[in-house]
Amino acid sequence: MSQKTGAQIIWECLLKEQVETVFGYPGGAILPAYDALTQYRIRHVLVRHEQGAAHMADGYARASGKVGVALATSGPGATNLVTGIATAMMDSSPVVCITGQVPGPVIGRDAFQECDVTGITLPITKHNYLVTRAQHIAPTIKEAFHLARSGRPGPVLVDITKDAQQESADFDWDDIEVRLPGARPASGVLPDELQQAVELINAAQKPLILAGQGVIQSGSTEGLLQFVDKTSIPVSCTLLGLGGFPASHPLNLGMMGMHGESWVNHAIQQADLLLAFGMRFDDRVTGNPATYATAAKKIHVDIDRAEINKNVQVDLGIVGDLRDTLLQLNEAVDECSHRQWNADIEEMKGDSAVRDIQTLPDNGRLYAAHVINDIWNLTDGKAMVVTDVGQHQMWEAQYYKHEFPRQLITSGGLGTMGFALPAAIGARMACPEGEIWVVCGDGGFQMTACELSTCAQEELDINVAIINNGYLGMVRQWQEFFYEKRYSATPLRNPDFCLLAQAHGLQTLQARTRSQARESIAKARRTQGTVVVDFRVEQEDSVYPMVPAGNCLHDMIRRPLEENPLVETAQSRW
Ligand SMILES: Cc1ncc(C[n+]2csc(CCOP(=O)(O)OP(=O)(O)O)c2C)c(N)n1
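Attention here is on the structure that accompanies the text. (Residues numbered from 1 in each chain as written. Predicted model: local features only at pLDDT ≥ 70, side-chain atom pairs only at ≥ 80, totals over all residues. Heavy atoms only, no water.)

## Topic: the sheet that holds strand 20 (residues 531–536)
At step 1: An order of 16-15-17-18-20-19 is seen for the 6 strands of this open sheet, with the pairing classed as parallel. Pairing within the sheet leaves two strands with one partner each, and these edge strands are strand 16 (408–409) and strand 19 (507–511).
At step 2: In the sheet, strand 15 (residues 384–387) pairs with strand 16 via 2 bridges, with the strands oriented parallel. Considered in strand 16, the bridge of Val-386 is made with Ile-409. (Pairing = 2+ DSSP bridges. Helix = DSSP H or I, 4+ residues; strand = E, 2+ residues; numbered from the N terminus.)

Set out below in structure tokens:
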């Protein structure tokens, strides 16, 4: 047993948890911890805004499956983390945030930079703690990591007073026992549940698998492949589930929901059995829940009991680790071909191919969907892609074909603009090898563009594709469709993104045509360091298909089939 300061104990704990990198920003209440950091071999990434630290920790966690760590000072430092914490919470990402707090004796006295961060983050953390004594730091941090990663993962915040960091206490990690039965993952499937599931699966004529992020987080890709090979049941992914099942698999149908493939949404509405694996039936996926897949029996497997029957009533809810459940199901289900059902779905694809922007004649202009398709082609489908939120995010989901888990990192639940660049920095730290592309809009890019400075300081190799349409594109699309083209507060007068990036010492490229786009992508790939590519795309193109919010899932707006649909549906100011 040894005596350490609270500040030292923080870093000792992180070392014991095998943390190699943390993302943070210093300030008065966390200064003892920053001072102690000089004694430890942990890489600290100095962000430019604490929101960036939380997204980086989140991106690190999503890319690696390990816990990401963010650090901030009290008051404004801690509140700047809030958007990132809420983002991690909505997408079940394991993150531990450590914040400094004013000294215990002045808590509640409006001390300088005091704010009740545990109160503020109560609804957006899996759990949070205020620590006022050095001796409580190690048990709390051990518990925080356990909570963040076990069961349904999520963010945990540990707020530590300055005096707790300064005083000394004994540190003995191995003696600390985490006693949290509630955080333990649920056990395997009960025998009668398994039997019911098998009966439903064996009896189904038109079954469909809905694969969510749980497939990726539980490491179930292999098990799902075996299940599909045995049963021939087609798979559709949620946005966060993309990559959980290889896009190249003949039974992978693509994404479901608001901007999902039309045949998928039709198939869901016609299905007689839905197997929902690690997904949560959110409104972007179901459309109007009253009219959602009414013909289908539903089986829902999820690690979180609270998800069962939350949004959609199911016939069978199985609470547990998807990996174990699939192991058991794979043994028990019958082999099947579902030839007719799969042929029906193939037929539904025909009409979509006619409307697909990739199959339309080239009219000489640059479209976002083409840019993304070209990034996919030129990277051989092997890059990790981190997207922001908006039209480009949906085009990425449609036109980058994700082959492997953790290949796509995106803010699904909260839909946080400004997520992409910092999350990519986190992902880069987690995965030093391999290619990373940021795909972001001109609006969202500006929300955290200050982190270009972090890219430069850390000398990171990241390609940043700004899909520049001069609008808050997705909102403009809603205004076009539902507000008679009243473009209220959506046109953007942007800075010159190339000059901005050059000011950070970064390399830049610009593309206004398809051939320039291809050249730029190829050049960015050959260039070391962070490269920012400004793609000047069609300004008023829309994402199709679209299920208007609250509509039935099969009631989609499709790309119109006029004589020249691209010109009809897009205009340019460039
Ligand atoms: C922090 C935040 N504020 C507002 C929104 C609402 N919103 C969703 S998409 C969008 C437009 C995004 O525009 P841009 O980043 O240019 O991407 P595009 O849609 O043009 O691809 C907005 C404002 C949001 N998701 N996040």
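Now, onward.
## Describing the site of the ligand
At step 1: Taken together, the neighbourhood of the ligand is formed by 17 residues, with Gln-391, His-392, Gly-415, Asp-442 and Gly-444 sitting nearest.
At step 2: Between the ligand and Asp-442 there is a distance of 2.9 Å, counted from an oxygen atom to a side-chain nitrogen or oxygen.
At step 3: Protein burial of the ligand: of its 590 Å² of free accessible surface, 76% is covered by the chains.
At step 4: Of the residues assigned to the shell around the ligand, the class counts are 7 nonpolar, 9 polar and 1 charged. (Near = heavy atom within 4 Å. Polar contact = N/O pair within 3.5 Å; in protein donor to acceptor, adjacent residues only side chain to side chain. Areas by Shrake-Rupley, 256 points an atom, 1.4 Å probe, with all protein chains shown as cover. Nonpolar A, V, L, I, M, F, W, Y, C, P; charged D, E, K, R; others polar.)

## Brief notes about the pairing of strand 15
At step 1: The side-chain alternation of strand 15 yields two buried faces, one formed by Met-384 and Val-386 and the other by Val-385 and Thr-387.
At step 2: Judged from the 4 bridges that link them, strand 15 and strand 17 (residues 436–441) form a sheet pairing that is parallel. Paired with Val-385 across the bridge in strand 17 is Trp-437.
At step 3: Since strand 15 and strand 16 lie parallel, the crossover through helix 17 (residues 391–399) that links them has a hand, and here it is right-handed. (Buried < 20%, exposed > 50% of the residue type's maximum accessible area, 1.4 Å probe, protein only. Right-handed = clockwise from strand over helix to strand, strands pointing away.)

## Side note on the layout of surface pockets
Leftover empty space is mapped by rolling, across the atoms, a probe with the size of a water molecule.
At step 1: For the second largest pocket, the calculated volume is near 620 Å³.
At step 2: Considering the residues around the second largest pocket, the lining is formed by 31 residues, among which Glu-261, Trp-263, Asp-356, Gln-398 and Lys-401 are closest to the centre.
At step 3: When contributions to the lining of the second largest pocket are tallied by element, the ones reaching two or more residues are strand 11 (252–255), helix 12 (262–270), helix 15 (339–355) and helix 17.
At step 4: The element best represented in the lining of the second largest pocket is helix 15, accounting for 5 residues. (1 Å grid on protein atoms, 1.4 Å probe; cavity = no way out; pocket = protein on both sides within 12 Å on 5 of 7 lines; lining within 4 Å. Points joined across faces, edges and corners; volume = space filled by probe spheres on them.)

## Brief notes about the side chain of Lys-142
At step 1: Positionally, Lys-142 belongs in helix 7 (residues 137–149).
At step 2: The side chain of Lys-142 is buried and forms no salt bridge, while Asp-174, the nearest opposite charge, is found at 5.4 Å.
At step 3: At 3.0 Å, the side chain of Lys-142 and the backbone oxygen of Ile-176 are in polar contact.
At step 4: Excluding anything up to four places from it in sequence, Lys-142 contacts Glu-17, Trp-173, Ile-176 and Val-178. (Lys, Arg positive; Asp, Glu negative; His and termini not counted. Salt bridge = Lys/Arg side-chain N within 4 Å of Asp/Glu carboxyl O. Contact = heavy atoms within 4.5 Å.)

## Things to note about the environment of Asn-463
At step 1: If you trace the backbone, Asn-463 turns up in strand 18 (residues 463–468).
At step 2: Apart from the residues lying within four places of it in its own chain, the contact partners of Asn-463 are Glu-435, Ile-436, Trp-437, Val-438, Ala-524, Arg-525 and Val-531.

## A word on the packing of aromatic side chains
Geometrically, a pair of aromatic rings is defined through the distance of the ring centres and the angle of the planes.
At step 1: Counted by the stated rule, this structure contains 9 aromatic pairs.
At step 2: With a centroid separation of 5.9 Å and 90° between ring planes, the pair formed by Phe-481 and Phe-482 is classed as edge-to-face.
At step 3: Given the relative accessible area of 35%, Phe-482 is considered partly exposed.
At step 4: Connected via pairs of aromatic rings, a cluster forms that spans Trp-478, Phe-481, Phe-482 and Tyr-544.
At step 5: The ring of Tyr-471 carries Arg-476 above its face, with NZ or CZ at 5.8 Å from the centroid. (Phe/Tyr/Trp six-rings, centres within 6.5 Å; stacked < 30°, edge-to-face > 60°. Lys NZ or Arg CZ within 6 Å of the ring centre and 35° of its normal.)

## Examining the state of the cysteines
At step 1: For the structure on display, the rule yields 0 disulfides.
At step 2: No disulfide involves Cys-455; its nearest neighbouring cysteine sulfur is the one of Cys-450, lying 10 Å away.
At step 3: Taking the relative accessible area as the measure of exposure, Cys-455 reaches 1% and is therefore buried. (Disulfide = S-S within 2.5 Å.)

## Quick notes on empty space enclosed by the protein
At step 1: Enumeration according to the criterion identifies 1 cavity of 30 Å³ or more in this entry.
At step 2: Looking at the largest cavity, its volume works out to about 30 Å³.
At step 3: In terms of lining residues, the largest cavity is bounded by Ile-201, Asn-202, Thr-231, Asp-334, Cys-336 and His-338.
At step 4: Classifying every residue of the lining of the largest cavity gives 2 nonpolar, 3 polar and 1 charged.

## Points about the sheet that holds strand 4 (residues 68–72)
At step 1: Read from one edge of the open sheet, 6 strands run 3-2-4-5-7-6, paired in parallel fashion. Looking at the sheet topology across the chains shown, the edges are occupied by strand 3 (43–46) and strand 6 (127–131). Direction aside, neighbouring strands of the sheet carry axes that sit 20° apart on average.
At step 2: By the bridge criterion, 5 bridges tie strand 4 to strand 5 (residues 95–101) in an arrangement that is parallel. When the bridges of strand 5 are listed, Ala-70 appears paired with Cys-97.
At step 3: Seen against the sheet, helix 5 (residues 82–90) touches strand 5 and strand 7 (155–161) and runs at an angle of roughly 145° to strand 7. (Axes fitted to C-alpha atoms, helices over the stretch in contact; angles between N-to-C directions.)

## Comments concerning helix 9 (residues 191–203)
At step 1: Under the 1.5 Å per step criterion, the end-to-end length of helix 9 is 18 Å for 13 residues, consistent within 8% with the ideal 18 Å.
At step 2: Within helix 9, the full set of buried residues consists of Glu-193, Leu-194, Ala-197, Val-198, Leu-200 and Ile-201. The buried residues of helix 9 occupy an angular sector of 165° when the element is viewed end-on, so they sit on one face. Away from its buried face, by an angle of more than 90 degrees, helix 9 presents the exposed residues Pro-191 and Ala-203. (Expected span 1.5 Å × (residues − 1). Arc of directions from axis to C-beta.)

## Focus: the packing of helix 3 (residues 50–64) against helix 5
At step 1: At a minimum axis separation of 7 Å, helix 3 and helix 5 run at an interaxial angle of 25°. Taken together, the axes of helix 3 and helix 5 lie roughly parallel to each other. Here helix 3 contributes Gln-51, Ala-54, His-55, Asp-58 and Arg-62 to the contact with helix 5, which in turn contributes Thr-83, Gly-84, Ile-85, Thr-87 and Ala-88.
At step 2: Residue classes in the contact of helix 3 with helix 5 are distributed as 3 nonpolar, 5 polar and 2 charged. (Parallel < 35°, antiparallel > 145°, perpendicular 65-115°, else oblique.)

These figures capture arrangement, not role.
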